[in-house]
Amino acid sequence: MDVGTSAEPLLTLRGVTKRYGSFAAVDNIDLDIRKGEVFALLGPSGCGKSTTLRIIAGLEEPDEGAIRLRDTELFSSKGGVLVPPQKRNMGMVFQSYAIWPHLNVYETVSYPLDIRRASSQDRTTRTLAAIKQVGLQGYEERPATNLSGGQQQRVALARALVYEPDVLLLDEPFSNLDLRVREQMRIELKLLQRRLHIGVILVTHDQVEALSLSDRIAVMNGGRIEQIGTPVELYDSPRTPFVRDFIGAFAKFRGRVTAIDGVFATIEVAGAGTVRGSLRTQTKLSVGDDALLAIRPEQVRLDTQENALDAKIEALLFTGDRFEAVLNCGGQRVETWLPRSVNGQSLREGDVIRLDLPENSATVWAGERT
Ligand SMILES: Nc1ncnc2c1ncn2[C@@H]1O[C@H](COP(=O)(O)OP(=O)(O)OP(=O)(O)O)[C@@H](O)[C@H]1O
Ligand SMILES: [Mg+2]
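None of the values given here were measured: they were computed from a predicted structure.

Scoring rules and cut-offs
- Residues numbered from 1 in each chain as written.
- Chains lettered and ligands numbered in written order.
- Predicted model: local features only at pLDDT ≥ 70, side-chain atom pairs only at ≥ 80, totals over all residues.
- Helix = DSSP H or I, 4+ residues; strand = E, 2+ residues; numbered from the N terminus.
- Buried ≥ 20, exposed ≤ 12 C-beta atoms within 10 Å, placed from the backbone.
- Contact = placed C-beta atoms within 7 Å.
- Pairing = 2+ DSSP bridges.
- Axes fitted to C-alpha atoms, helices over the stretch in contact; angles between N-to-C directions.
- Near = placed C-beta within 6 Å.
- Nonpolar A, V, L, I, M, F, W, Y, C, P; charged D, E, K, R; others polar.
- Domains from an automatic or database assignment.
- Expected span 1.5 Å × (residues − 1).
- Arc of directions from axis to C-beta.

1. As for the overall build of the chain
Next up, step 1: Scanning the chain from terminus to terminus reveals 8 helices and 22 strands.
Next up, step 2: With the principal axes as the frame, the chain shows a C-alpha extent of 75 × 50 × 35 Å.
Next up, step 3: Within the chain, the proportion of its 370 residues that are buried is 37%.
Next up, step 4: The long-range fraction of contacts in the chain, counting pairs at least 24 apart against all pairs at least 6 apart in sequence, stands at 67%.

Shown next as structure tokens:
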């Protein structure tokens, strides 16, 4: 999906590193954020997402690297450049609301214009426009603390948008909200971003949030970037075991390579059978090596038997449209999804089934010791 994004880079980071003592919280990262895109930094706790965002905002000074916003150098370790946060024209929303108790909605939203000394007419117009953008018209006089969590995050969003920033920085903005409000805010943010056409950098450790909101995602691990791609690219073609295991679910089978044939490898899964899968381009495997066959649960089929393994159903967990299933596959425990019925026949715990793993969807990776 490439709705209105352009290849023209808005913000670039080159070789950015931030150390705390000898520990690199952000380790030599390169990023190009394009105008009009939502770009997510996704990764587990402590991988350096917030530090990267704070560096972009100017709240943290990197040890090395360079950062540019269009033609303006914001930071350069070599050139000794460091533009302060208030001169970067970026709006920021944090996880905690950061709403001041003594101000009402109008005063909270207009605050960034007050400190930028905007003219009073300009201030009124822009403040009311920002409040309207986030759907809070009518709430201007309300003390900001007298609002629900979702409404408070909207106030924070309006405050970040009021001076029309080039880039909006969001650090886990919805993580304090309950699930329904969070889903609603996601939709509203996406619509708002499409309307305003600004660059958004979203920090999250929630893969659903990243996949659903972003045009592109950088997956981070230990201060480094593992892979950058569209949500579909990351979901369909993870390049590293870390990305594979971090985004979405896979049914995984341990086995041994018995043959290699171009881009396909044949894997023997002890006690369950022999199947073919597509070799990951980076994976170097030879006959006899341990391997891991991974397939998205929604690709597993029971109605065909072309490339199949035997399995016994240990447990079925009903989730509405399907089962989550725990299988015994030659002694290995495998988790996947199963349909509610096959050829009109409903599935039951204890059934022995043949799992068809279409060879173009099943991917072969280097084996992992467990
Ligand atoms: N001021 C600091 N002094 C020392 N270490 C720090 C400091 N700030 C962050 N770190 C460390 O740097 C690493 C990255 O922190 P960061 O806050 O960027 O992680 P994160 O990806 O945002 O995690 P989370 O999802 O938990 O918010 C962590 O190991 C953290 O402990
Ligand atoms: Mg963080």
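After presenting the structure, the write-up continues.
2. Here's the deal with the pairing of strand β4 (residues 64-69)
On a regular strand, one side chain projects to one face of the sheet and the next to the other, so that they alternate.
Next up, step 1: Residues of β4 alternate between two faces, with G65, I67 and L69 buried on one and E64, A66 and R68 left unburied on the opposite face.
Next up, step 2: Examined bridge by bridge, strand β1 (residues 9-20) and β4 share 5 bridges and lie antiparallel to one another. For T12, the partnering residue across the bridge sits in β4 and is R68.
Next up, step 3: Where β4 and strand β5 (residues 72-76) come together, 4 bridges link them in antiparallel fashion. Paired with I67 across the strands is F75, a residue of β5.
Next up, step 4: Connecting the antiparallel pair β4 and β5 is a turn made up of 2 residues, with R70 showing a positive phi of about 50°.

3. Quick look at the sheet that holds strand β13 (residues 264-269)
Next up, step 1: Spatially, 5 strands are ordered β12-β13-β14-β22-β15 in a closed barrel, and the strand pairing comes out mixed. Taking the axes of each pair of neighbouring strands and ignoring which way they run, one obtains an average angle of 55° across the sheet.
Next up, step 2: Bridging between strand β15 (residues 290-295) and strand β22 (residues 363-366) involves 4 bridges; their strand directions are antiparallel. Looking at β22, one finds that L292 is bridged to W365.

4. Some thoughts on the sheet that holds strand β17 (residues 323-329)
Next up, step 1: Strand order in the open sheet made by the 4 strands is β18-β17-β16-β21, with antiparallel pairing throughout. Of all the strands in the sheet, just β18 (332-338) and β21 (352-356) have a single pairing partner and so form its edges. Here the average twist between neighbouring strands, direction ignored, is 45°.
Next up, step 2: Relative to β18, β17 runs antiparallel, the two being bridged by 7 bridges. Note that in β18 the partner of N328 across the bridge is R333.

5. Things to note about the site of ligand 1
Next up, step 1: Taken together, Y20, A25, G43, S45, G46, C47, G48, K49, S50, T51 and H205 are the residues near ligand 1.
Next up, step 2: Ranked by the residues each element gives to the shell around ligand 1, the list is headed by helix α1 (residues 49-57), at 3 residues.
Next up, step 3: Here the shell around ligand 1 is built from residues that sort into 3 nonpolar, 7 polar and 1 charged.

6. A few points about the domain arrangement of the chain
Next up, step 1: Taken as a whole, the chain is organised into domain 1 (9-245) and domain 2 (249-366).
Next up, step 2: For domain 1 versus domain 2, the distance between C-alpha centres works out to 40 Å.

7. Re helix α3 (residues 120-133)
Next up, step 1: Between the first and last C-alpha of α3 there are 20 Å, a value that for 14 residues agrees with the 20 Å anticipated at 1.5 Å per step.
Next up, step 2: All buried positions along α3 are accounted for by T127, A130 and I131. Across the axial projection of α3, the buried residues extend over an arc of 100°, all falling on one side. In this structure, α3 carries Q121, D122, T125 and K132 as exposed residues pointing more than 90 degrees from its buried face.

8. What to know about the environment of L191
Next up, step 1: In this fold, L191 is placed in helix α5 (residues 179-196).
Next up, step 2: In the structure, L191 is positioned 22 residues away from L213 in sequence and 9.9 Å away in space, judged by C-alpha atoms.

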